[in-house]
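Summary of the model geometry
Chain residues, written in single-letter form:
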Amino acid sequence: MDGYTTVLCYTRSEIIDCEFGVSYNRPPDKVPFPNGNGTVNYVPLPIRDDGDVRIMFTVVAQSPPPNTIEMYCQTSSIDYHPVPSSFTTPLHIESLGPSQHMVENNTYSPKYMQSYDNDMEPTVRVDMAGVTESIVMTVGNYVDILPGIDDDNVELFDEDDGNEDIMDMEDNENTENDASLLGGGEHDVPSPIFRELNWDVINSITDKDLIARTGLWNESDELFKGLRFESKVDLQYAVKRYSICRNQHLIVIESEPDFWVVKCKKWSEGCNWRLRACRRKCHGLFEITKYIGPHTCVYPKLSQDHSQLDSTFIAREVQNVVQSDHTISIAALHQIVKDKFGYNVHYKRIWEAKRKAMIRIFGDWDESYQTLPRWMNIIKLTNPGTKVVWKTSLLAGCNGNVRFMRVFWAFGACVEGFKHCRPIIQIDGTFLYGKYIGKLLIATSIDANGHIFPLAFAIVEEESSDSWSWFLYILRTQVTQREGICLISDRHAGIQAAIRDPSVGWSPPYAHHRYCLRHVASNFNDKYRNKMLKDLVYRAGSQHQPRKYEACMTELKQLDEKCLEWFNRLDTKKWTLAHDGGHRYGWMTTNIAECINGVLKGLECCLSLLLFD
Ligand SMILES: [Zn+2]
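Read on for a plain summary of the structure. All values reported here derive from a predicted model rather than from experimental measurement.

As paired strands, strand 11 (residues 387–394) and strand 12 (residues 402–410) are joined by 8 bridges and run antiparallel to one another. Paired with V388 across the bridge in strand 12 is W409. As paired elements, strand 12 and strand 15 (residues 452–460) share 3 bridges and run antiparallel to each other. Among the inter-strand pairings, W409 is bridged to a residue of strand 15, identified as F457.

What follows is about the packing of aromatic side chains. As enumerated under the stated definition, the model contains 14 aromatic pairs in all. Aromatic side chains W566 and F567 sit 5.2 Å apart centroid to centroid with 85° between the ring planes, which places their arrangement in the edge-to-face category. Residue classification places W566 among the buried positions, given a relative accessible area of 5%. In textbook terms, an aromatic cluster arises when at least three aromatic residues are bridged by ring pairs, as seen for F524, Y528, Y549, W566, F567 and W575. Seen from the ring of W506, R476 lies directly overhead, with NZ or CZ sitting 4.1 Å from the centre. In this structure, R482 is placed above the aromatic ring of F418, and the distance from its NZ or CZ to the ring centre is 4.8 Å.

Okay, the coordination of the zinc ion next. For the zinc ion, every protein donor is listed as C264 (SG), C271 (SG), H295 (NE2) and C297 (SG), and the spread of their distances is 2.0 to 2.3 Å. Given 4 donor atoms and angles of 100 to 118° at the metal, the environment of the zinc ion is assigned as tetrahedral. Summarised as a motif, the one-chain spacing of the donors to the zinc ion is C-x6-C-x23-H-x1-C. Just as C264 is buried, C271 falls in that class too.

Before going further, it helps to spend a moment on the sheet that holds strand 17 (residues 511–515). Strand order in the open sheet formed by 7 strands is 11-12-15-14-13-16-17, with mixed pairing between adjacent strands. Looking at which strands have only one partner, the edges of the open sheet turn out to be strand 11 and strand 17. Here the strands of the sheet are splayed against their neighbours by 20° on average, with no regard to which way each runs. Strand contacts of helix 13 (residues 493–500): strand 13 (424–431), strand 16 (485–489) and strand 17, with the helix running at about 160° to strand 17, the strand carrying the most contacts.

Looking at soluble globular proteins, one finds that nonpolar side chains tend to be buried together. Residues F408, I425, F471, L472, L475 and W506 are the most contacted members of the largest nonpolar core, which totals 46 residues. Among the elements that take part in this core, helix 12 (residues 465–479) stands out by supplying 8 residues, more than any other. Excluding residues that lie within four positions of it along the chain, F408 makes contacts with K387, V388, V389, A456, F457, A458, W470, F471, I474, L475 and V479.

Here the focus is helix 7 (residues 311–324). Note that an α-helix has 3.6 residues per turn; residues three or four places apart therefore point the same way. For helix 7, spanning 14 residues, the distance from its first C-alpha to its last is 19 Å, which sits close to the expected 20 Å at 1.5 Å a residue. A bend of about 55° at V318 is the largest found in helix 7. Along helix 7, the residues classified as buried are S311, F313, I314, A315, E317, V318, Q319 and V322.

Turning our attention to the packing of helix 8 (residues 330–341) against helix 9 (residues 347–362). Direction vectors running N to C along helix 8 and helix 9 enclose 100°, while the axes themselves pass 9 Å from each other. Here helix 8 is positioned roughly perpendicular relative to helix 9, judged by the angle of their axes. Residues I330, A331, L333, H334 and V337 of helix 8 pack against Y347, I350, W351 and K354 of helix 9. Across the contact of helix 8 with helix 9, the residue classes break down as 7 nonpolar, 1 polar and 1 charged.

Analysis parameters
Residues numbered from 1 in each chain as written. Predicted model: local features only at pLDDT ≥ 70, side-chain atom pairs only at ≥ 80, totals over all residues. Heavy atoms only, no water. Pairing = 2+ DSSP bridges. Helix = DSSP H or I, 4+ residues; strand = E, 2+ residues; numbered from the N terminus. Phe/Tyr/Trp six-rings, centres within 6.5 Å; stacked < 30°, edge-to-face > 60°. Buried < 20%, exposed > 50% of the residue type's maximum accessible area, 1.4 Å probe, protein only. Lys NZ or Arg CZ within 6 Å of the ring centre and 35° of its normal. Donors = N, O, S within 2.8 Å, 3.2 Å for Na, K, Ca; no water. Tetrahedral: all angles 85-135°; square planar, octahedral: opposite > 155°, others 65-115°. Axes fitted to C-alpha atoms, helices over the stretch in contact; angles between N-to-C directions. Contact = heavy atoms within 4.5 Å. Core = buried A, V, L, I, M, F, W, Y, C linked by side-chain atoms within 4.5 Å. Expected span 1.5 Å × (residues − 1). Bend = angle between axes of the 7 residues up to and from the residue. Parallel < 35°, antiparallel > 145°, perpendicular 65-115°, else oblique. Nonpolar A, V, L, I, M, F, W, Y, C, P; charged D, E, K, R; others polar.

Here you go:
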């Protein structure tokens, strides 16, 4: 998250449960923000220290619309004692092996202010000392609301002079003032920002203000001076849509992080349409500060392309479609764009747009891996009983920094729910498709309705006896200690080795290893390449009665006597239902685990999806 974050704090009352999760029993009533799929449910996140504040910002950054936080405060008196501000709350990540396990842990302590120095994310410096009454908090170096100033006189840019030399603003001076306000980000006493806030301003905020601020503008409407958007990206999207829908073209005169000026492409032919917008310091939003319109130019209709119909724009247009079906083809997206706007956009641009949409929805790989520890923290906060185990290695000469190697997680609800499932666990590994090589290990069970029941996941470097031993050991120690579990898998050497090792916890009588029949038939077919024989093997494995199993094997012998040798290496009870002893509950394959794999395939930037779907 960068730039501004608006935090609306409601205080002097109590947090209560309601239809949408938590709410506040005093007006103004909160409005759940639409997220495209309905409404957002809220869960309580106690703010105890800066680590919690960081989590709060992280959650908001990941859920639309960004940059708005509603914080309900239950205040209580505390004795205030200044303490040195040198505390840190590191995330403890410890090296793990089968003989050593440690659930990652955050230590909380009643400190009044803490300082972070974490390269992974923007440092959030917010003084939570005393009572946290605030209307706006900021991330980074900005503080934009001063006590008693609630009008638009303080602006980052001066307007109305009509020329574009406006970039000579006093940006540096502002930044210096902001820095001094923060006092370097650490305070021994509550900062003036928090002590002198004007509560009349806070209480005067209504639902109407909230709606206006989120820029619910429709492209069929005319643009106007004063229209605000959450970000420059939102503004650009709106203006592009305005132009595309009217078949008009614009050119960008100036573009800076806090500033954007465009005019009609036909300006030299006398068209005066132009628009200027900037981030206003008084509210932190992007606002149209100058507008000469409406735009009445008529352009010849070209069916091939529109200069504003770029991949970024298209990504946003198709984001909902991609979100509901990430396997959607480029051709289908191409047709959607054509139906919507009437343009035949090049396939390459649609492909790029889909890639951008995927990143918008799921985040990219670097970011996914970097935010993994924080997401795991959030999952643990919102899913009590969730188990997270890290394996890391110390980086030599890097002052205690560690390198990510593996992570295991099991949702609390699943750990609890498995107690009520049949004692069957299917395990499987699948490639993580993306920039980094890695494998996803999955353990699932089956619920009473025969539906898939996800149990545990891990991201590991490869499938090996070491990684499977690590995964199964944690599954045994952290997730379930039930005895007599039927463990169904393929015949991967790494899995077999892990199960043979009694210290991992999956040898009889604690578990009974069974093979997935589909994998057995497939392995057999790899050697004999005969579909009829393969089908017969599958039939033999599926028979309930030994007599019928024998009949199938006799038939197999008649067709190809030599192929029976292949089964000498296989323990009959591990692959046939007739000799299973009832441990499989009739469940012959790990197809179900592969259903999950199917869902994951193609999600090239999807770590966050793994965690939240
Ligand atoms: Zn024009």
